[in-house]
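Here are the chains, one letter per residue:
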Amino acid sequence: PPYFWLFKTESGLLNFGFSYSKKHPDCYVFPDEAFEKAVLYVQESKAEAFLDFAISNAMMLLYTFRTNPYDTMLIHASVTAIGDDAYVFLGKSGTGKSTHSSLWLKHIEGTRLLNDDNPVIRVTDDGVWVYGTPWSGKTPCYKNERCALRAVVRLSQAPYNRIERQSPLQAYA
């Protein structure tokens, strides 16, 4: 899996690093204070194999921090949609989020995939919305759409199937 480093400068600015190994970052991102611009450094020896990954992750981090004041949150989830309604599946890596979405696509008529890795949730005066993003993991699903958030389901692996509505406090935790 990719590894992520977070550095804070003496002046309080955040800098990032990421790589595929635990040893040290293979690239560094130095954003400005508003997260509008950044400088990206990639080790020359890793540039050919690592550049797309580095640019994509740098853009995702800049987007995440830049849009936070607008009540947005980039999450790790798979999202299916039916009409204008979206259903978010959360869980640890390997839990079956993508598998769960693919089962909806296969068995529920009219279902489509909105995003399969990093959708955005945004709270507005009109409601809570889920957006597709350019970051969709291994599944090529890059939709410039928004749907109303109808449910968030946290998946965990078990030898049985069960769904429970949680109280607001349990859901928040």
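Throughout what follows, the structure given in this document is the object of discussion. What you see as residue numbers is a count from 1 along each chain, following the sequence as written. Totals for whole chains, interfaces and linings use every residue, but because this is a predicted model, local features are given only for residues with pLDDT of at least 70 and side-chain atom pairs only at 80 or more, for both listing and counting. In computing side-chain values, all of the structure's heavy atoms are included and hydrogens and water are not.

1. Brief notes about the overall build of the protein
Here is step 1: Of the regular secondary structure elements, the protein holds 3 helices and 11 strands.
Here is step 2: Written out in order from the N terminus, the α and β elements of the protein read β-β-β-β-α-β-β-β-α-β-β-β-β-α.
Here is step 3: For the exposure calls, accessible area comes from a 1.4 Å probe over protein chains only, and a residue counts as buried if that area is under 20% of its type's maximum, exposed if over 50%, partly exposed in between. A buried classification covers 32% of the 173 residues belonging to the protein.
Here is step 4: Should any heavy atoms of two residues lie within 4.5 Å, those residues are considered in contact. Restricting the contact set of the protein to residue pairs at least 6 apart, pairs at least 24 apart contribute 42%.
Here is step 5: His residues and chain termini do not enter the charge count, which takes Lys and Arg as positive and Asp and Glu as negative. Where a charge lies is defined by one atom per residue type: Lys uses NZ, Arg uses CZ, Asp uses CG and Glu uses CD. Here the protein contributes 18 positively and 18 negatively charged side chains, and the mean placements of these two sets differ by 8 Å. To qualify as a helix, a DSSP run of H or I must reach at least 4 residues; to qualify as a strand, a run of E must reach at least 2; elements of each kind are numbered from the N terminus.

2. Some points on the packing of aromatic side chains
For any pair of aromatic rings, geometry is given as the distance between the ring centres together with the angle between the planes.
Here is step 1: Between the rings of Phe, Tyr and Trp (Trp by its six-membered ring), a pair exists once the centres lie within 6.5 Å; its type follows the angle of the planes, with under 30 degrees stacked, over 60 edge-to-face, and the other angles tilted. Counting across every chain of the model gives 13 aromatic pairs.
Here is step 2: Look at Phe-18 and Phe-53: their rings are 5.8 Å apart centre to centre, the planes differ by 90°, and that puts the pair in the edge-to-face class. Separated by 35 residues along the polypeptide, Phe-18 in strand 2 (residues 14-19) and Phe-53 in helix 1 (residues 47-67) bring together distant segments of the chain. Here the two residues Phe-18 and Phe-53 agree in accessibility, since each one is buried.
Here is step 3: Through successive ring pairs, a cluster of aromatic residues spans Phe-4, Phe-16, Phe-35 and Phe-65.

3. Focus on the side chain of Asn-115
Here is step 1: Mapped onto the elements, Asn-115 comes out in strand 8 (residues 111-115).
Here is step 2: For Asn-115, a relative accessible area of 0% puts it in the buried group.
Here is step 3: In protein, a polar contact requires one atom able to donate a hydrogen and another able to accept it; more generally it is a pair of N or O atoms within 3.5 Å, and residues adjacent in sequence count only if both atoms are side-chain atoms. A polar contact of 2.8 Å, which involves the side chain of Asn-115, links it to the backbone nitrogen of Asp-117.
Here is step 4: Separated by 2.7 Å, the side chain of Asn-115 and the backbone nitrogen of Asn-118 make a polar contact.

4. Some details on a nonpolar patch on the surface
Here is step 1: Only residues whose relative accessible area exceeds 30% and that take part in no salt bridge are eligible for patches, with like-charged residues grouped when within 9 Å of each other and nonpolar side chains (Val, Leu, Ile, Met, Phe, Trp, Tyr) grouped when within 5 Å. Using a 1.4 Å probe, the Shrake-Rupley method yields the accessible areas, and only the shown protein chains count as cover for residues. Any Lys or Arg side-chain nitrogen located within 4 Å of an Asp or Glu carboxyl oxygen qualifies as a salt bridge. A cluster of nonpolar side chains, namely Phe-7, Tyr-28, Phe-30, Val-39 and Tyr-41, defines an oily patch on the protein surface of about 440 Å² accessible area.
Here is step 2: Among the elements of the structure, strand 3 (27-31) and strand 4 (38-42) are those that each provide at least two residues to the nonpolar patch.
Here is step 3: By the secondary structure assignment, Phe-30 is in strand 3.

5. Some points on the sheet that holds strand 7 (residues 85-90)
Here is step 1: Strand order in the open sheet formed by 7 strands is 5-9-10-11-7-6-8, with mixed pairing between adjacent strands. On the outer flanks of this sheet lie strand 5 (72-74) and strand 8, each paired with one strand and no other. Along the sheet, successive strands turn relative to each other by an average axial angle of 35°, direction set aside.
Here is step 2: Strands were regarded as paired on the criterion that DSSP finds at least two bridges between them. By the bridge criterion, 3 bridges tie strand 5 to strand 9 (residues 120-124) in an arrangement that is antiparallel. Bridging from a neighbouring strand, Leu-74 pairs with Val-120 of strand 9. Whenever a helix is involved, its axis is fitted only over the stretch in contact; in every case the axis is a line through C-alpha atoms, and angles between N-to-C directions fall within 0 to 180 degrees.

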